[in-house]
Amino acid sequence: RSHHSPQRRTERTLHNTMNVFRAVLGRLNQAAGAVVPLALLGGGAYGVSQSIYTVEGGHRGIMYSRITGVQDDIVDEGFHFRVPWFQRPVIYDIRAKPHLFVSPTGTKDLQTVDISLRVLYKPDSLRLPQIYRELGTNFDERVLPSIVNEVLKSVVARFNAAQLITQREGVSLMIRESLVDRAKDFNILLDDVAITALSFGSEYSAAVEAKQIAQQESQRAALMVQKAIQEKEQKIVEAVAEATNAELVGKAVRNNPGFLNLRKIDAAREIAGTIANSQNRVFLDANSLLLDVNSTTIDESRLLGSKGDEKEKAADGSWL
């Protein structure tokens, strides 16, 4: 009895295991009958979703086939169908996009200038298959930086730093024409090219400032020279006027001896007015006030015309 009991227990365990395995298989078969339709339905929905794609507004597409390669047909906007896995659509944005390029460039007079150039570009929608074959989808990053720097350096080298400022519109037009022609080689269209900023180096700015200071100093020196010339001419005119006045006075004295007496009366009036306005009290006689108008000494000496009397006449004329 002790010899057969372990063998019977082992057989009973195996029998129970087989029963459990059969029950699990039965349940799996039941579940498979329900899952298969769901799997087929999900696979069909996935296949339909992969067979439809959309081209948004402002975009164009091309079709790449694993069998024939890139097709030459251009796909317009809207819903389209494809064969999943065998065909893959490539979408391009054909709307104009801006890009700002900043390039340090040398001028004709060996000055360094930083030019900011704004470019409005887009791909040629009729040549998208060729663009994809040659450049891919990132055509702008591959082409534009190199051709923009090339054109900027070639055009700016024809002008000096001052001409870039005074002839900015002409320089921008030359850059645009050259850049448009260069971009056509890569099937890229440029709608607008414009210079947005020009900045020169510190050395050039210092040179311009020094030049302005020198011009201001030169203008100031020219003004001083002109002023000196005018002052010289004014002194000449004043000297001529004084000489003419002296000549006229001499003629008046010779022709009318009473002229000196009239001037003496004017001088006496001026001296009296000055003394009257003074706070001090001064007593003067007629001779001090030059009121000796009854004296005929000068008149008689003038009539005699002697040289010594002429000197005395000049001394009396100093009161004028």
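Everything that follows concerns the structure shown earlier in this document.
This structure is a prediction, so every number in the text was calculated from the model and none was measured. (Residues numbered from 1 in each chain as written. Predicted model: local features only at pLDDT ≥ 70, side-chain atom pairs only at ≥ 80, totals over all residues. Heavy atoms only, no water.)

(A) Region of the structure containing the overall build of the chain. Of regular secondary structure, the chain possesses 9 helices and 8 strands. The burial tally for the chain puts 23% of its 320 residues in the buried class. Look at the contacts in the chain between residues 6 or more apart in sequence, and 63% of them connect residues 24 or more apart. Roughly 22,400 Å² of accessible area belongs to the chain as shown, and the carbon and sulfur atoms make up 56% of that amount. (Helix = DSSP H or I, 4+ residues; strand = E, 2+ residues; numbered from the N terminus. Buried < 20%, exposed > 50% of the residue type's maximum accessible area, 1.4 Å probe, protein only. Contact = heavy atoms within 4.5 Å. Areas by Shrake-Rupley, 256 points an atom, 1.4 Å probe, with all protein chains shown as cover.)

(B) Highlighting the sheet that holds strand β6 (residues 97-106). Strands sit in the order β6-β7-β8 across an open sheet of 3 strands; the sheet is antiparallel. Only two strands of the sheet have a single neighbouring strand rather than two, namely β6 and β8 (188-200). Shown here is a sheet whose adjacent strand axes are inclined to one another by a mean of 25 degrees, direction ignored. Judged from the 10 bridges that link them, β6 and strand β7 (residues 112-123) form a sheet pairing that is antiparallel. (Pairing = 2+ DSSP bridges. Axes fitted to C-alpha atoms, helices over the stretch in contact; angles between N-to-C directions.)

(C) Up close: helix α5 (residues 168-184). An ideal rise of 1.5 Å per residue puts 24 Å on 17 residues; α5 measures up with 24 Å between its terminal C-alpha atoms. Those residues of α5 lying buried are V171, S172, I175, L179, V180 and A183. One side of α5 carries all its buried residues, which in axial view fall inside an arc of 160 degrees. (Expected span 1.5 Å × (residues − 1). Arc of directions from axis to C-beta.)

(D) Examining the packing of aromatic side chains more closely. Here the structure, examined in full by the defined rule, presents 3 aromatic pairs. On the numbers, 5.0 Å between centres and 90 degrees between planes, the contact of W85 with F86 is edge-to-face. Ring geometry for Y121 against F139: centres 6.5 Å apart, planes inclined by 80 degrees, an arrangement best described as edge-to-face. Of this pair, Y121 sits in strand β7 while F139 sits in helix α3 (residues 139-156), and the two are 18 residues apart along the sequence. Overall, the relative accessible area of 3% leaves F139 in the buried class. Members of the aromatic cluster, joined through ring pairs, are Y92, Y121 and F139. (Phe/Tyr/Trp six-rings, centres within 6.5 Å; stacked < 30°, edge-to-face > 60°.)

(E) Here's a closer look at α3. Helix length check: α3 (18 residues) gives 26 Å between terminal C-alpha atoms against 26 Å at 1.5 Å per residue, within 8%. For α3, the complete set of buried residues consists of F139, D140, V143, L144, I147, V148, V151, L152, V155 and V156. The buried residues of α3 occupy an angular sector of 145 degrees when projected down its axis, which confines them to one face. Those residues of α3 that are exposed and aimed more than 90 degrees away from the buried face are E141 and R142.

(F) The arrangement of the sheet that holds strand β2 (residues 59-65) in detail. Taken in spatial order, the 3 strands make up an open sheet running β3-β2-β5, and their pairing is antiparallel. At either end of the open sheet lies a strand with only one pairing partner, and these are β3 (69-70) and β5 (87-93). Of the strand pairs in this sheet, β2 and β3 are connected by 2 bridges, and their pairing is antiparallel. If you follow S65 over to β3, its bridge partner there is G69.

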